[in-house]
Amino acid sequence: MRVAFIGLGNMGGGMAVNQAKAGRQVAAFDLSAQALARAGEGGCTPAASVAEAVAGADVVVTMLPAGPHVRAVYAGEVLPNAPKSALLIDCSTIDVESARAVAEQAKAQGFRFADAPVSGGTAAADAGTLAFMVGCDEADFAAVEAALQPMARAVIRAGDHGAGQAAKICNNMVLGVSMIGVCEAIALAEKLGLDPERFFEIASKSSGQCWSITSYYPWPGPVEAAPSNRGYAGGFATAMMLKDLKLAQQAAAAAGAAAPMGAQAEGLYALFERLGYGTKDFSGILQMLRGRLEDLEGEARSRPSA
Ligand code: NAD
């Protein structure tokens with residue numbers, strides 16, 4: 001299988017290498033020479049342009065920053081240069097409207113297209129354990145699943161074009177809202193003299209239980225792998241969460257849906273980012289809600305000061 005991979009950043013770099021590791025011929029392109037060189041070291045063949053990468057491809061995968069990049073790359077470079085037989089898969093997180101517009105253009109020109117955003121961060125991209133949420137014609141799903149397999153722990157069809165992006169922003173809106181709820185509860189527990197670690201033991205077995213508690217507790221200690229144990233470095237950047245919450249609000253406005261908790265979460269993450277913490281993990285918002293931003297600068301595994 002010949003794969004063209006466009007966009008070799010934090011996510012796409014590892015994903016393209018996993019395609020090569022699976023024995024596929026991967027023609028890779030990125031505007032960044034550094035990203036291109038890294039993909040080359042990982043077994044991909046660096047191309048000089050999108051046009052060169054997609055010529056002769058069976059599958060084209062794109063992993064680009066946002067909607068405008070995806071619209072421009074497909075209209076200007078992929079659609080005019082890829083063979084009509086190529087299966088086109090966009091894995092970027094973008095607005096539902098752009099995903100549907102690109103799908104329509106691609107289909108009008110005789111291509112098969114899927115929006116397939118991912119859940120899982122850079123570690124999952126490198127390990128080949130991403131979860132893909134796919135919007136595509138039902139008849140194309142088996143081919144999409146086979147194409148994504150070397151990068152995936154799960155590939156789930158959400159529905160028709162745009163449904164993958166819809167699933168992604170709805171899921172991340174739940175996550176953004178639930179994380180803030182958990183952080184508020186921890187801040188309140190602390191003020192009430194309840195040890196946040198003891199609160200974890202109780203809430204993780206009670207009706208407040210959720211992923212933000214059991215897999216990602218924002219207070220250091222109880223969940224070993226959580227970013228709270230390494231000074232909120234790495235993980236899922238606040239700027240990325242904010243991007244997804246903005247997409248959810250745009251989609252809610254366009255569709256006439258009310259999402260007031262999502263709007264609150266967007267506002268709080270926008271504030272946290274503006275305070276200078278856009279690159280910190282999104283669970284670090286606990287320290288803003290405690291009024292202890294200085295605790296974000298702490299050493300890995302250090303406990304927030306009470
Ligand atoms: P990134 O900025 O690291 O990578 C994007 C890459 O696209 C860059 O290397 C850039 O040079 C390249 N690019 C931009 N325009 C291009 C063009 N015209 N032609 C070729 N290359 C071009 O971003 P990322 O972290 O890899 O994220 C990519 C997508 O995945 C985003 O939509 C993001 O929301 C989504 N996502 C990211 C994460 C994460 O944890 N980083 C998790 C899930 C989803």
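Note that the structure is predicted; figures quoted are calculated from it, not measured.

(A) Highlighting the site of the ligand. Neighbouring the ligand are 21 residues, the closest being Asn10, Met11, Asp30, Pro65 and Lys243. In this structure, Asp30 approaches the ligand through a side-chain N or O atom, which is 2.6 Å from an oxygen atom. Taking Leu64, its main chain carries an N or O atom lying 3.0 Å from an oxygen atom of the ligand. Its free accessible area being 840 Å², the ligand has 84% of it covered by the protein chains. Mapped by element, the contributors of at least two residues to the shell around the ligand are helix 4 (67-81) and helix 11 (238-255). Both domains that furnish three or more residues to the shell around the ligand are identified here as domain 1 (2-160) and domain 2 (167-296).

(B) Structural context of the layout of surface pockets. Taken as a whole, the second largest pocket holds about 320 Å³ of empty space. Taken together, 17 residues form the lining of the second largest pocket, with Val96, Ile169, Ala248, Ala251 and Ala252 sitting closest to its centre. Contributions of two or more residues to the lining of the second largest pocket are made by helix 5 (96-108), helix 8 (163-191) and helix 11. In terms of residues, the lining of the second largest pocket owes the most to one element, helix 11, which gives seven residues. Broken down by class, the residue content of the lining of the second largest pocket amounts to 13 nonpolar, one polar and three charged.

(C) Seen up close, the pairing of strand 2 (residues 25-29). As judged from the five bridges shared by strand 1 (residues 2-6) and strand 2, these two strands associate in the parallel manner. Directly across from Ile6, in strand 2, lies its bridge partner Phe29. With helix 1 (residues 12-21) bridging strand 1 and the parallel strand 2, this β-α-β connection has right-handed handedness. With two bridges connecting them, strand 2 and strand 3 (residues 45-46) associate as parallel partners. By the bridge assignment, Ala28 is partnered in strand 3 with Pro46. Between strand 2 and its parallel partner strand 3, the chain crosses via helix 2 (residues 33-41), and the hand of that crossover is right-handed.

Rules used throughout
- Residues numbered from 1 in each chain as written.
- Predicted model: local features only at pLDDT ≥ 70, side-chain atom pairs only at ≥ 80, totals over all residues.
- Heavy atoms only, no water.
- Near = heavy atom within 4 Å.
- Polar contact = N/O pair within 3.5 Å; in protein donor to acceptor, adjacent residues only side chain to side chain.
- Areas by Shrake-Rupley, 256 points an atom, 1.4 Å probe, with all protein chains shown as cover.
- Helix = DSSP H or I, 4+ residues; strand = E, 2+ residues; numbered from the N terminus.
- Domains from an automatic or database assignment.
- 1 Å grid on protein atoms, 1.4 Å probe; cavity = no way out; pocket = protein on both sides within 12 Å on 5 of 7 lines; lining within 4 Å.
- Points joined across faces, edges and corners; volume = space filled by probe spheres on them.
- Nonpolar A, V, L, I, M, F, W, Y, C, P; charged D, E, K, R; others polar.
- Pairing = 2+ DSSP bridges.
- Right-handed = clockwise from strand over helix to strand, strands pointing away.

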